[in-house]
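Summary of structural features
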Amino acid sequence: MRLVLQLTLLPILAIALLLGACKQATQKTDQSRAKTSARTSGEPWWKEAVVYQIYPRSFKDSNGDGVGDLQGIISKLDYVKSLGIDMVWLNPIYASPNKDNGYDISDYQNIMKEFGTMQDFDALLKGFHDREIKVFMDLVVNHCSSEHAWFKSARSSRNSPYYKYFHWWPAEKGKPPYRWSIFDEKGDAWEYNKATNSYYLHYFADAQPDLNWENPQLRQEIYKMMRFWLDKGIDGFRLDAIAFCSKDTTWQPLPAEYNGQWGMYYASGPYLHDYMQEMNREVLSKYNVATVAEAMGDVERVMKFVDPDRKELNMAYYFEAIDFGYLPNEYKMPNPKGYDFVAWKKIYAKWTEAFSKKGWGTIYLANHDQPRMLTRWGNDSPEFRDAASKMLSTFILSMRGTAFYYYGDEIGMSNIKFDKVEEYNDIELLTNYAQVKAKGGDLKRFLEGMKISSRDNGRTPMQWENSENGGFGAGKPWLKVNPNYTSVNVAAQEKDPKSVLNYFRKMVQLRKKERTLIYGDFTLVDAENPSIFAYTRSLEGRTILVLLNFKAVEAKVNIDGLDLSKAKVLLGNYPDAKAINQLKPYEALVLSL
Ligand code: GLC
Ligand code: CA
């Protein structure tokens, strides 16, 4: 009897010991991670986080070479903390020849020379963690740089051990079947390579060859690299262009059903989700970290990444709302007639509804791939910039989904609106300009459109103060500082309790205080209203009403169906709200009912 007991107990004991050891191991790395601050037991911290995105090239230059760097960010840690945010997402800081500003990585385990050293990175991570701020890194693994050692070897010979790390079409089979490239002057994703007499695939620029995920050895290299950063204690990844990683390597002609929708086709690779599940099993599940997918595609495609039952990733961006209002079949050309506001609201309603059943979404109006939110979705005229900035911050921080907020938006930075193509730096703009030019298109019209939509508008240096270069750094900045830095800057707004910056801080605090703003159900109110975005968020008997006027004129909203008898203003961007159902230009009102 005793023997039986011992025999059955022994394996249990062994398992318990093992479990203890595993726990200790994860606890060790988790200690170096920032403290978890989820206030709702059982819910993961990342649902409640407010994320602040830093574009390192443009945040703060510490050594006067005109390029932002890690020491620059370190010098602003207390500022970032003062915003009240929980997590920072850093755009790529890895070694890179910078054809696409770090999205072309030549060494995944080293820091870009201009940004600093690994010691600087460790100090930066510690600096954030000491302030209880988590850190997300960009993971750019659909492609690498043509300067990466793997590609340099691969392109030298078909016998290179790295040849199969990339996708090739042997020239003896003739021309490869057409694939669209996003940053190529000819729009062609196959580039001929003489030494191997074959074409390599690049969905982005020819300096960004696509990695061959169909090769298990390549996937293991990526997982190893991910562990390197996770073992340092970072808190998660933003997975760049990840929806494109799996390819149909039988290279059939583009199926007719995807006519004109290359993005949708690229996001439909045959083994995409097998790879995500493998990555989760082998890497992510071993750490207490979070992930966000840059996920092209429709609801059905995007949902697959974040449906928790599938064990892939945690959150996803979607593009339907942010890409809204451009002319069809033209590169980011804003419709001169503006955009259909009612239809735009319904896009948000559709995705929010989908994520309320399964998975988890994100809310953002800008990032390094977008123009400034104030210019694109608000109004950057001197008269309205203040109200419109505050209104847009209210939107991001009162919607359902993890809030992603872009550096500079907290002070209402706006598009720089370059006149000349020479002033631009961005490969996306330059290659698309070349395409328009090659086709004999209207370059003036193109440049006018780009004043609204181009990415460099969102990449100009941070405006810290009213001194040379806006306090970004002593040297000539890599991209021009917006001349409005003299009035739009952090120092001026710190002093003014009513500034855009201080409003943003208040709105962050409100979101933190109100679980309803995080988990509450979302319902559109007065959905057909052509000026006002109105919705309620409700949770456990508490209802919050959000009213946002997206137009430059006063507008009425129909809230007759709601009980306003106990309505109380929680926050608003005008000193005195006139009447709840009549909003001033760009007015924002958050009320508890
Ligand atoms: C993603 C990045 C973008 C980059 C592209 C290629 O869309 O956000 O900045 O240019 O991927 O890596
Ligand atoms: Ca620098």
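This text follows the structure it describes.
Residues numbered from 1 in each chain as written. Chains lettered and ligands numbered in written order. Predicted model: local features only at pLDDT ≥ 70, side-chain atom pairs only at ≥ 80, totals over all residues. Heavy atoms only, no water.

1. A look at the site of ligand 1
Looking at ligand 1, there are 13 residues lining it, with Asp100, His143, Asp240, His368 and Asp369 nearest. With respect to ligand 1, the side chain of Asp240 contributes an N or O atom lying 2.9 Å from an oxygen atom. Relative to its free-state accessible area of 300 Å², ligand 1 is covered by the protein chains to the extent of 97%. When the residues that make up the shell around ligand 1 are grouped by side-chain class, the tally is three nonpolar, three polar and seven charged. (Near = heavy atom within 4 Å. Polar contact = N/O pair within 3.5 Å; in protein donor to acceptor, adjacent residues only side chain to side chain. Areas by Shrake-Rupley, 256 points an atom, 1.4 Å probe, with all protein chains shown as cover. Nonpolar A, V, L, I, M, F, W, Y, C, P; charged D, E, K, R; others polar.)

2. Some remarks on the coordination of the calcium ion (ligand 2)
Ideal geometry at a metal gives 109.5 degrees between four tetrahedral donors and either 90 or 180 degrees between six octahedral ones. Those protein atoms acting as donors to the calcium ion (ligand 2) are Asp61 (OD), Asn63 (OD1), Asp65 (OD), Val67 (O) and Asp69 (OD), and they sit at 2.2 to 2.4 Å. We note that the donor set of the calcium ion (ligand 2) lies within a single chain, spaced as D-x1-N-x1-D-x1-V-x1-D. On the basis of relative accessible area, Asp61 is assigned to the buried category, the value being 3%. (Donors = N, O, S within 2.8 Å, 3.2 Å for Na, K, Ca; no water. Buried < 20%, exposed > 50% of the residue type's maximum accessible area, 1.4 Å probe, protein only.)

3. Observations regarding the side chain of Asp104
Relative to the helices and strands, Asp104 is located in the loop between strand E3 (94–95) and strand E4 (107–111). The side chain of Asp104 is buried and forms no salt bridge, while Lys99, the nearest opposite charge, is found at 6.2 Å. Polar side-chain contacts of Asp104 include one of 2.6 Å to the backbone nitrogen of Lys99. For Asp104, the contacting residues outside a window of four places in its chain are Ala95, Ser96, Pro97, Asn98, Lys99, Cys144, Ser145, Ala207 and Gln208. (Helix = DSSP H or I, 4+ residues; strand = E, 2+ residues; numbered from the N terminus. Lys, Arg positive; Asp, Glu negative; His and termini not counted. Salt bridge = Lys/Arg side-chain N within 4 Å of Asp/Glu carboxyl O. Contact = heavy atoms within 4.5 Å.)

4. Let's talk about the pattern of salt bridges
Side chains that differ in charge, positive against negative, can pair when their charged atoms come close. Evaluated as defined, the whole model comprises 37 salt bridges. A salt bridge links Lys346 to Glu528; the shortest N-O distance between them is 2.6 Å. Residue Lys346 is found in helix H11 (residues 341–357), and its partner Glu528 is found in the loop between strand E14 (521–525) and strand E15 (532–539); the two are separated by 182 residues along the sequence. Under the relative-accessibility criterion, Lys346 is labelled partly exposed at 37%. Overlapping salt bridges bring together Asp100, Lys332, Asp369, Asp426, Glu428, Arg455 and Arg459 as one network.

5. Some remarks on the sheet that holds strand E5 (residues 134–140)
The eight strands lie next to each other as E11-E10-E9-E5-E2-E1-E13-E12, forming an open sheet whose pairing is parallel. Each having just a single partner strand, strand E11 (315–317) and strand E12 (362–363) make up the two edges of the open sheet. Strand direction decides the pairing type here: E5 and strand E9 (residues 236–240), joined by five bridges, are parallel. Bridge pairing links Leu139 to Leu239 in E9. Each of strand E1 (50–54), strand E2 (87–90) and E5 touches helix H5 (residues 118–130); the most contacted strand, E5, lies at about 135 degrees to it. (Pairing = 2+ DSSP bridges. Axes fitted to C-alpha atoms, helices over the stretch in contact; angles between N-to-C directions.)

6. Brief notes about the environment of Val421
With respect to the helices, strands and loops of the structure, Val421 is situated in the loop between strand E13 (402–406) and helix H14 (427–438). Assessed through its relative accessible area of 12%, Val421 is described here as buried. Sequence-wise, Val421 and Asn482 are 61 residues apart; in three dimensions their C-alpha atoms are separated by 16 Å. With residues near it in sequence (within four places) discarded, Val421 still touches Leu429, Leu430, Tyr433 and Leu447.

7. Looking at the sheet that holds strand E6 (residues 168–170)
Spatial ordering of the open sheet is given by E6-E8-E7, a layout of three strands whose pairing is antiparallel. On the outer flanks of this sheet lie E6 and strand E7 (190–193), each paired with one strand and no other. Taking each pair of neighbouring strands and ignoring which way they run, the sheet shows an average axis angle of 30 degrees. Alignment of E7 against strand E8 (residues 198–201), held across four bridges, turns out to be antiparallel. If you follow Glu191 over to E8, its bridge partner there is Tyr200.

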